[in-house]
Amino acid sequence: MRRVQRLSFALLALVLVAGMAFGQGTTSALNGRVEHDGSGLPGVTVTISSPSMQGSRVSVTDVNGNYNFTSIPPGDYTVEFTMDGMAAITRTVRVNLARTERVNAEMQLSSVAEAITVTAAAPAVLETTEIQSNFTNDQVEDLPVGRTVQNIVSLSAGVNTNGPGASPRQANPPITISGAFAFDSLFLINGAVTNENIRGQTDNLFIEDAIEETTVMTGSISAEYGRFTGGVVSAITKSGGNEFSGSFRDSFTNPSWTSVTPRGEAKAESSLNQTYEGTLGGRVVRDRLWFFGAGRYFEQDITGFFTNSTTPRPTTIETDERMEGKLTGQLAPGHSLVGSYLSYEIDQTPHCAFGCWDLATMDIDGRQLPREMMTGHYSGIITSDFLIEANYSTRDLVFSNSGGTHVTTDFTDPRDIALGSWAYDLSFGGAWGAPIFCGICDDEIRENEFYQLKGTYYLATAATGTHNIVAGYENFAESRFANNYQSGSNFDLYIYNGIAPTRTPDGELRPVVTQGDVIQWVPIFALSEGSDFVTESLFINDKWDLNPNWSFNVGARFDRNDGVDSAGNSISKDENLSPRIGVIYDVRGDGRLRVNGSYSRYVSKIQEGIGGAIGGGNPAYFQYEYRGPTIGGPDSGLGSFDVLEQVFAWFLANGGTGSTEFLVGAGVPGVNQFMPGDLRSPNVDEFTLGVGTQIGNKGFFRADYIDRAWGDFYGVFTSPGVQVPAPGSDGDFLDLQTFGNTDDLERTHQAVQLQASYRFMPRLNFGGNYTWSQTEGNSDGENAGSGPTTDLINAYREYKAFAAHNPTGALLSDQEHKARLWASFDQPLGAFGNLNLTVLERFDSGTPYSAVTIVPVRELVSNPGYATPPGSVTYYFSERGEFRWEDATATDLALNWAGSVRGLGVFIQGEVINVFDESAQINGSTAIGLLDSFDPFTEAPVEGVHWQKQSSFGSAASVNHYQLPRTYRISAGFKF
């Protein structure tokens, strides 16, 4: 009842308060040119109407024969051209989300051609310089692809799913766009920013059947969009209409419907999972007030596997409830208001964070993740040439009960510490020991709020052509409250030795700890006060059509950051100017063959994971190198907690946290970790060059080249002799670590993106895209656990002064080739409905990996004055990205039947993913072992003498290291 009351109140508020709005990226534009005998024709009345729009809109062609409609909802439009003495023309066009479509017309004297001409407009492939892809709900329905925003986006050119922690079994893999970090693209749903604050991926704040359309922008992006260096994804949900419509869907999956991988895991037990979705939309008052609502309920048994094992871990029962309500109202002719509210609650029991080696590491009590989002949009036509929009959105996310429940009570008892600690294997991934994080500590809250006010002015002159000028102001605020306890004991362990734990015949884990592994103490000395990061922006963008041959996109964006960390410290007052300049040359002046080029600068916001990294609620870290005897192994009889107990017994016997003898690194927020207050936003410079052509009225082809280079990376700086007293110590010191920006790093991206579509006949359609790309540099800059990371290239430089420490090469997200090709065929069955067959062919070339581990350096360098110089640093025994995992190909098939039963539309959809059960190893172990010491500053180590690849190197250590084998999905339901 509380949720229903809250939803009702929110929707009523959205209708009554005209100051609220529905965010950028939720509308479209339609323009064109009307000619007579090859010259622009002024004074033509142009009327547009659509089932997606309340009422109709009217414009008159200007002195150059051009017309323009902005801020219209995406949908199918009828465009009527009328003028006294001329034969009227009617055209139809699909206007896609966040795109500008063009419909031109050639009018004739009514005495020459008196009949009304009805034609379909050809697709607009280069109406702007933006490089983008668009996917409607109908297209996604036919394709054998998951209907989530992430899966839809992954179809686009310039996009891959190689972000940190990516797995082929993920329903929503991490997205990277045009070579950027996975955390640094902008995701919008109904105009609301849905990026999760830390890792930057979109929250699942949507119901699949409610998604109307999704647009993906990968290059040459308008100045209206900011706070990213990757791309922009904008999705919009349905809005109801004058006619009532609705749907119900029941989707079926079963882990036993998935084949096994070459890893040889046991076939999953049969467990039918069902997802229920329902939508309903219609009118309250025709052409004045529409409503739309949707709901989703999902309870599934998720079958996972322990790390490096074919043994299934306990089934996770995940419940997922989502609700959406949306109202669209016309307050007066030319003035509209749209508002939406969406809630999303998820429960995962038990839960495994970042991979689990054994049962103890799973959070048996589970975690809860409630979310809410509210959006609104006001649009008002002030004059025929001037339109204003006001936008608002807010989103919040809560992490509750996430992590272990054992809290250490006796720091002198190694067994007590062991029960609350975990160990993470850096060679194989995954944790063993206690669950990660603290499940009985404070909830974590992540929020954002967005305001925008913008105006659009249409200017036409005979001398300079026509201008669509958009200018506006934005305020984006992001906040986080978190006391980030890493474990129940405030201790954890990092395993570097490259020796995989083994299992007994009855499944008990036998891990190994050796010298060189690192014990980490991570206490929180100051609790969070909540962070507050605000970006204020001004932007202006002119889409300028000079004449039929030349058009330009000229814009700029000014962003100002004001960041306050969770201890109340100001850490950034950054200001940036981002020019966006593009040009299009229409070869014949008819819109069918165009060449384009652009220069753009994109500037990110201050990332929460960096700007808030050393404020209140963040743990300090003290790293102690383990130098005791080898503990554990297959014949030791020691389980996870037994090994941890002996590790901490050695640690406590050697002084514990009170000794600095084995201390190899330390950072205390606000003490020796310091931000001067001048943190800058990373940025990227982009150049593009492209060509596009329409193929009759049936298709298009477009090719674009993109070149990008990043700057102002996040880094940490240290200097010899610059130290501060250690907290609570008597005479001990810590090295001062200053957080800032560096250009000593490199990240570049070059790509060619090809897109094409062609309808051979009304029932047969082909489409697809291909991307060639290279993402290179020496900064991967992110991980699965914390999103963006600060690079240590400027910290303790004297201990890293050799080329093999951080070479330039292929970065982890690099993928040289990616292709998506599809064909869709409809076969009418008369009274028995329609059968659609769609085939999707996928190709992904292998991603890179390297022969890399840490090597000891402390004894090889004369300490120039550091308190805690590193004991070991990273060493690349191969070129960066020298090795590649296997290329992956797969054929997916969808068979969709739709018919009518007593006037009710019914459908059945079946999908087979990876029809031919093709197998490719797409990840694996990269474990390296050291055989003999060497001097990395002067010696070239020899494989087989100084180091060796472990026997597992390059081999799969998990079922997740193979592409998804053949699997089946089925859904059925009805529509009206």
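Focus: the overall build of the protein chain
Helices and strands together make up the secondary structure of the protein chain, namely 6 helices and 65 strands. Looking at the protein chain residue by residue over its 976 residues, the buried ones come to 58%. Pairs at least 24 residues apart make up 74% of the contacts formed inside the protein chain by residues separated by at least 6 positions. For the protein chain, the exposed area adds up to about 36,500 Å²; of that, 56% sits on carbon and sulfur atoms. Charge centroids of the protein chain, computed over 64 positive and 111 negative side chains, lie 7 Å from each other.

Concerning the state of the cysteines
With the rule as written, the count across this model stands at 2 disulfides. There is a disulfide in this structure between Cys352 and Cys356, and the S-S distance comes to 2.1 Å. Measuring handedness by torsion sign, the sulfur bridge of Cys352 and Cys356 sits at about 125 degrees and is right-handed. For the pair Cys352 and Cys356, a shared accessibility class is recorded, and that class is buried. Residue Cys438 pairs covalently with Cys441 via a disulfide, S to S 2.1 Å. Looking down the S-S bond of the Cys438 and Cys441 bridge, the torsion is 75 degrees, so its handedness is right-handed. The class for Cys438 is buried, based on a relative accessible area of 7%. According to the relative accessible area criterion, Cys441 is partly exposed, its value standing at 27%. Each bonded cysteine in the protein chain gets a number by its place in the sequence, and the pairs come out as 1-2, 3-4.

Some words on the environment of Thr748
Examined against the element boundaries, Thr748 turns out to sit in strand β50 (residues 747-761). Owing to a relative accessible area of 16%, Thr748 belongs among the buried residues under this scheme. C-alpha separation for the pair Thr748 and Gly777, spaced 29 residues apart in sequence, amounts to 6.2 Å. Other than its neighbours up to four places away in sequence, Thr748 contacts Arg708, Ala709, Trp710, Gln774, Thr775 and Glu776.

A few points about the sheet that holds strand β43 (residues 673-674)
Pairing is mixed across the open sheet formed by 3 strands, whose spatial order is β43-β49-β46. One side of each edge strand has no neighbouring strand; the edge strands of this open sheet are β43 and β46 (713-717). As defined by bridge partners, β46 adjoins strand β49 (residues 737-742) across 5 bridges and the pair is classed as antiparallel. Note on β49: the bridge partner recorded for Gly715 is Gly740.

A short note on unusual backbone geometry
Residues Thr349 and Pro350 are joined by a peptide bond in cis, for which omega reads -15 degrees. By the element assignment, Pro350 lies in the loop between β22 (335-349) and β23 (367-368).

Structural notes on the nonpolar core
By size, the foremost hydrophobic cluster in this structure holds 36 residues, and its most contacted members are Trp432, Leu493, Val513, Ile519, Phe622, Val647 and Phe648. For this core, the secondary-structure elements that each account for two or more residues are α4 (414-419), β30 (491-495), β34 (518-521), β40 (621-625), α6 (640-653) and β42 (663-667). A per-element tally of this core places α6 first, with 7 residues. In this structure, Ala180, Met217, Phe228 and Ile236 belong to the second largest nonpolar core, which totals 22 residues.

With respect to the sheet that holds β42
For sheets, the rule is that strands pair by backbone hydrogen bonds, running either parallel or antiparallel. Taken together, 6 strands build an open sheet; the order of strands is β27-β26-β30-β34-β40-β42 and the sheet is mixed. Strands at the two margins of the open sheet, each flanked by one partner only, are β27 (431-433) and β42. In this sheet, adjacent strand axes meet at a mean angle of 20 degrees when their direction is disregarded. When strand β26 (residues 422-425) meets β27, the two strands line up antiparallel, connected through 3 bridges. Across the sheet, the residue bridging to Trp422 is Gly433, located in β27.

A closer look at the environment of His406
Tracing the backbone through its elements, the reader meets His406 in the loop between β25 (386-399) and α4. On the accessibility criterion, His406 (27% relative accessible area) is partly exposed. Separated by 404 residues in the primary sequence, His406 and Ala810 place their C-alpha atoms 42 Å from one another. At a separation of 3.2 Å, a polar atom in the side chain of His406 contacts the main-chain carbonyl oxygen of Asp416.

Some words on the pairing of strand β56 (residues 834-844)
Direction of pairing for strand β55 (residues 817-828) relative to β56: antiparallel, over a ladder of 11 bridges. Looking across to β56, one finds that Trp822 is bridged to Leu840. Pairing of β56 with strand β61 (residues 888-901), which is carried by 11 bridges, proceeds in the antiparallel orientation. Bridged to Phe843 within β61 is Thr889.

Focus on the pairing of β26
Two successive antiparallel strands, β26 and β27, enclose a turn made up of 5 residues, where Gly429 displays a positive phi of approximately 80 degrees. Where β26 meets β30, 4 bridges bridge the pair, whose relative direction is parallel. By the bridge assignment for β30, Ala423 is matched with Leu493.

Section: the packing of aromatic side chains
For the structure on display, the rule yields 39 aromatic pairs. With a centroid separation of 4.9 Å and 70 degrees between ring planes, the pair formed by Tyr626 and Trp650 is classed as edge-to-face. One end of the pair, Tyr626, is in the loop between β40 and β41 (631-632); the other, Trp650, is in helix α6, and 24 residues separate them in sequence. Residue Tyr626 shares its accessibility class with Trp650, and that shared class is buried. Seen from their ring centres, Tyr849 and Phe953 are 5.7 Å apart, and the 50 degrees between their planes marks the pair as tilted. Residue Tyr849 is located in strand β57 (residues 848-849), and its partner Phe953 is located in the loop between β64 (947-949) and β65 (967-975); the two are separated by 104 residues in the primary sequence. Both residues of the pair, Tyr849 and Phe953, count as buried.

Section: α6
Counted at 1.5 Å a residue, the expected span for α6 with its 14 residues is 20 Å, and the 20 Å between its end C-alpha atoms agrees. Among all positions in α6, only Ser640, Phe641, Val643, Leu644, Val647, Phe648, Trp650 and Phe651 are buried.

Some points on the side chain of Gln452
Among the secondary structure elements, Gln452 is positioned in strand β28 (residues 444-461). At 2.8 Å, the side chain of Gln452 and the side chain of Glu474 are in polar contact.

Looking at the side chain of Thr275
The residue Thr275 is located in strand β19 (residues 273-285) in this model. Apart from the residues lying within four places of it in its own chain, the contact partners of Thr275 are Arg249, Asp250, Ser251, Arg296, Tyr297 and Phe298.

Conventions used here
- Residues numbered from 1 in each chain as written.
- Predicted model: local features only at pLDDT ≥ 70, side-chain atom pairs only at ≥ 80, totals over all residues.
- Heavy atoms only, no water.
- Helix = DSSP H or I, 4+ residues; strand = E, 2+ residues; numbered from the N terminus.
- Buried < 20%, exposed > 50% of the residue type's maximum accessible area, 1.4 Å probe, protein only.
- Contact = heavy atoms within 4.5 Å.
- Areas by Shrake-Rupley, 256 points an atom, 1.4 Å probe, with all protein chains shown as cover.
- Lys, Arg positive; Asp, Glu negative; His and termini not counted.
- Charge placed at Lys NZ, Arg CZ, Asp CG, Glu CD.
- Disulfide = S-S within 2.5 Å.
- Pairing = 2+ DSSP bridges.
- Core = buried A, V, L, I, M, F, W, Y, C linked by side-chain atoms within 4.5 Å.
- Axes fitted to C-alpha atoms, helices over the stretch in contact; angles between N-to-C directions.
- Polar contact = N/O pair within 3.5 Å; in protein donor to acceptor, adjacent residues only side chain to side chain.
- Phe/Tyr/Trp six-rings, centres within 6.5 Å; stacked < 30°, edge-to-face > 60°.
- Expected span 1.5 Å × (residues − 1).

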